[in-house]
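Structural characterization, general
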Amino acid sequence: MRSLCVSIFLLQLIGPGLCQFPRQCATSEGLRTKECCPVWDGDGSACGALSGRGFCTEVLVSNEPHGPQYPYREIDDRELWPLAFFNRTCRCAGNYGGFNCGECKFGYYGPNCGEYRESVRRNILTLSTAEQQKFISYLNLAKNTINQDYVISTAPRAEMGQNGENPMFSDINTYDLFVWMHYYVSRDALLGGPGNVWRDIDFAHESAAFLPWHRVFLLHWENEIRKLTGDFNFTIPYWDWRDAETCEVCTDSLMGGRSSLNPNLISPASVFSSWKVICTQPEDYNRREALCDATGEGPLLRNPGNHDPNRVQRLPTSAEVEFTVGLPEYETGTMDRFANGSFRNILEGFASPLTGMIVPGQSTMHNALHIFMNGSMSSVQGSANDPIFLLHHAFIDSIYERWLRTHQPLRTTFPQTNAPIGHNDGYYMVPFLPLYRNGDYFLSNKALGYEYAYLLDPGQRFVQEVLTPYLHQAQEIWQWLLGAGILGALIAVLIVLLLIVARRKWKRNQRRKRTPSYGERQPLLQSSSEEGSSSYQTTL
């Protein structure tokens, strides 16, 4: 608990910004001055300084040495991020955030960012039909809407001119912005010359930053969807794939079923069948010494289960997750994909969740699901093209959260030095702007404003997984229920009226029957009375 409080305090010192590249900074002037401190429209000052939201300041990068996996210096734009592009950015105060401090940091809302709110990420299989459909519609909206705040770079910084006279940036839709970011952070380093690259480099995988980086990635994606849709209650759902034997979310009502015409394609009945992928041809980019420019490269591919069974025998089990969460060491040894007994390396999928030892030629845990999908999701650089990526990484993040709560590690547990390039505690995450240090997100999601439904206590979990879906379903059909109620009431009133009319008519008929019968019988009664009197007397 003490370490959690310290982490929350440290997080207060920085404000969240969003990602590569703020449109206002992607100009010749921005590149020449190396300054990315956009004006906040609320007061007309850079970083909202006049309102005390933040200020423009020099970027101080960590000079701690990294590991031997990458032997070069000043070759790649991602080294000492973001100095190849900018050396001054906004630093937001208090709970303010965003690239110009015009937003709130994760978990905070309101005009002055003073309201803390905890959102709950839920299992996609427990969402109501309407909630599932809304999630899919949001994905498709993001895929078809140009992002208003950010652009991507389409060439290395050196090709833009010493003074930025040739800025090379491009518009991109909101969904593909994050696909491009995942490509950019994991791409090969271009060393000069066709096909001359260094492959053993990745600023978000195969070492300590894997889990914090993807945590920030999901938080930003969530934030962009909220801004795009105006739905600030939106959260990314997760897919709990423990013990699954098939792709349970691969249906036309969810993430798309298998096409009957081509098993590698998505069913035409799914909206995802029309999606085009980007950043899936790394060998071509390396040959041309170019970056992915977000041009469409063909349909989304997926053929779950038809993968190499020697590499992935099955999807991870509950027992394997429990073994992984129980490991006490976050990083060990070389702090890369060859680390034994490392929680991070086992969860990422380079070591066995049965023994903790590395398993060359096999993929476990996180990696297993990517390979199992057998398509666009199975290649690191282009894997985020498949929207199942989001469901998968949300669940991976929840396992990371379980480990943090179980072991409550100190900040010093995170590697301070000698991790592979980009993975030390003090390294800024590529390619986010403004900046996030890896170690700042080595803390519980409670400090970041979100929770997972299955990690709630039983009472809260019942509300989230049973009561909430029920109320949502009731809300979805309340118009029909109201209409049925009104119709039922009208029918009941009509029946009552008919009964009343029928009863009155029956009574009226009864009266009619009684009146003439008395008129006819009176003389007989009199006659009978006279006769009866004699008889009566006679009888007596």
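Located above this text is the structure these notes cover.
Residues numbered from 1 in each chain as written. Predicted model: local features only at pLDDT ≥ 70, side-chain atom pairs only at ≥ 80, totals over all residues. Heavy atoms only, no water.

1. Let's talk about the side chain of R215
Looking at where R215 falls in the secondary structure, it is placed in helix 5 (residues 210-229). Polar side-chain contacts of R215 include one of 2.7 Å to the side chain of D397. (Helix = DSSP H or I, 4+ residues; strand = E, 2+ residues; numbered from the N terminus. Polar contact = N/O pair within 3.5 Å; in protein donor to acceptor, adjacent residues only side chain to side chain.)

2. Details of the state of the cysteines
Counted according to the given criterion, the structure contains seven disulfides. There is a disulfide in this structure between C25 and C36, and the S-S distance comes to 2.1 Å. Between C25 and C36, the S-S dihedral sits near 80 degrees, and the bridge is therefore right-handed. Within this pair, whereas C25 is found in the loop between helix 1 (2-12) and helix 2 (28-33), its partner C36 is found in strand 1 (residues 35-36), the two being separated by 11 residues in sequence. Note on accessibility: C25 and C36 belong to one class, buried. Here C47 pairs with C90 through a disulfide, and the sulfurs are 2.0 Å apart. Residues C47 and C90 are joined by a disulfide whose S-S torsion is about -85 degrees; by sign, that bridge is left-handed. (Disulfide = S-S within 2.5 Å. Buried < 20%, exposed > 50% of the residue type's maximum accessible area, 1.4 Å probe, protein only.)

3. Overview of the sheet that holds strand 5 (residues 88-92)
Whenever strands of a sheet pair, they do so through backbone hydrogen bonds, lying parallel or antiparallel. The strand order 1-5-4 describes an open sheet built from three strands, whose pairing is mixed. Bordering the open sheet on either side are strand 1 and strand 4 (54-58), each of which pairs with just one other strand. Both strand 1 and strand 5 contribute to a ladder of two bridges, which runs parallel. Considered in strand 5, the bridge of E35 is made with R88. (Pairing = 2+ DSSP bridges.)

4. Describing unusual backbone geometry
Peptide bonds are trans in most cases, and residues, glycine excluded, mostly fall at negative phi. Each neighbour pair has its own omega, and for W81 with P82 the value is 5 degrees, a cis peptide bond. Going from V430 to P431, the amide bond is cis rather than trans, its omega being -5 degrees. Looking at the element boundaries, P431 is found in the loop between helix 10 (388-407) and strand 15 (450-452). At K34, a residue that is not glycine, the phi angle is positive and equals roughly 55 degrees. The residue K34 is located in the loop between helix 2 and strand 1 in this model. With relative accessibility at 27%, the residue K34 sits in the partly exposed group. Here M335, not a glycine, exhibits a phi torsion of approximately 55 degrees, which is positive. Looking at where M335 falls in the secondary structure, it is placed in the loop between helix 7 (318-325) and helix 8 (343-348).

5. Points about a nonpolar patch on the surface
Together, L487, I491, I495 and L499 make up an exposed nonpolar region whose accessible area comes to about 390 Å². Relative to the elements of secondary structure, L499 occurs in helix 12 (residues 478-539). (Patch = residues over 30% accessible without salt bridge, like charges linked within 9 Å, V, L, I, M, F, W, Y side chains within 5 Å. Areas by Shrake-Rupley, 256 points an atom, 1.4 Å probe, with all protein chains shown as cover. Salt bridge = Lys/Arg side-chain N within 4 Å of Asp/Glu carboxyl O.)

6. Concerning the environment of L390
Residue placement: L390 occurs in helix 10. The exposure class assigned to L390 is buried, which follows from its relative accessible area of 2%. Spatially, the C-alpha atoms of L390 and I236 are 7.3 Å apart, while their sequence positions differ by 154 residues. With residues near it in sequence (within four places) discarded, L390 still touches L139, Y175, L218, W221, I236 and P237. (Contact = heavy atoms within 4.5 Å.)

7. Section: the packing of helix 5 against helix 10
Viewed as axis vectors pointing N to C, helix 5 and helix 10 meet at an angle of 125 degrees, and their least axial separation amounts to 10 Å. Judged on the interaxial angle alone, helix 10 and helix 5 are oblique. The chirality of how helix 5 crosses helix 10 is left-handed. The residues of helix 10 that touch helix 5, namely those facing F210, L211, P212, H214, R215, F217, L218 and W221, are F389, L390, H393, A394, I396, D397, Y400, E401 and L404. The residue inventory of the contact of helix 5 with helix 10, partitioned by class, reads 12 nonpolar, two polar and three charged. (Axes fitted to C-alpha atoms, helices over the stretch in contact; angles between N-to-C directions. Parallel < 35°, antiparallel > 145°, perpendicular 65-115°, else oblique. Left-handed = near helix turned anticlockwise from the far one by under 90°. Nonpolar A, V, L, I, M, F, W, Y, C, P; charged D, E, K, R; others polar.)

8. Things to note about the nonpolar core
W81, W180, W221, W239 and M255 are the most contacted members of the largest nonpolar core, which has 119 residues in total. Ranked by the residues each element gives to this core, the list is headed by helix 10, at 11 residues. By size, the runner-up hydrophobic cluster in this structure holds nine residues, among which are C37, Y96, C101 and Y108. (Core = buried A, V, L, I, M, F, W, Y, C linked by side-chain atoms within 4.5 Å.)

9. Describing helix 9 (residues 365-373)
Among the nine residues that make up helix 9, nine are buried, leaving the element largely enclosed by the rest of the structure. Taken as a whole, helix 9 has its buried residues at M365, H366, N367, A368, L369, H370, I371, F372 and M373. On its buried side, helix 9 packs onto helix 5, helix 7, helix 8 and helix 10. Residue N374 follows helix 9 closely and has a positive phi angle near 55 degrees.

10. Focus on a positive patch on the surface
A surface patch of like charges, here positive, comprises R503, R504, K505, K507 and R508. Along the chain, the position of R503 falls in helix 12. (Lys, Arg positive; Asp, Glu negative; His and termini not counted. Charge placed at Lys NZ, Arg CZ, Asp CG, Glu CD.)

11. Here we look at the packing of aromatic side chains
Across all of its chains, the model carries 41 aromatic pairs by this definition. Ring plane angle 65 degrees and centroid distance 4.8 Å describe the contact between Y175 and W275, whose orientation is recorded as edge-to-face. With a gap of 100 residues between them, Y175 in helix 4 (residues 174-186) and W275 in the loop between helix 5 and helix 6 (282-288) connect regions that are remote in the sequence. Here the two residues Y175 and W275 agree in accessibility, since each one is buried. Between Y330 and F414, the aromatic rings sit 5.7 Å apart at their centres with planes inclined by 35 degrees, giving tilted as the arrangement. Of the two residues, Y330 sits in the loop between helix 7 and helix 8 while F414 sits in the loop between helix 10 and strand 15, which places them 84 residues apart along the sequence. Residue classification places Y330 among the buried positions, given a relative accessible area of 1%. (Phe/Tyr/Trp six-rings, centres within 6.5 Å; stacked < 30°, edge-to-face > 60°.)

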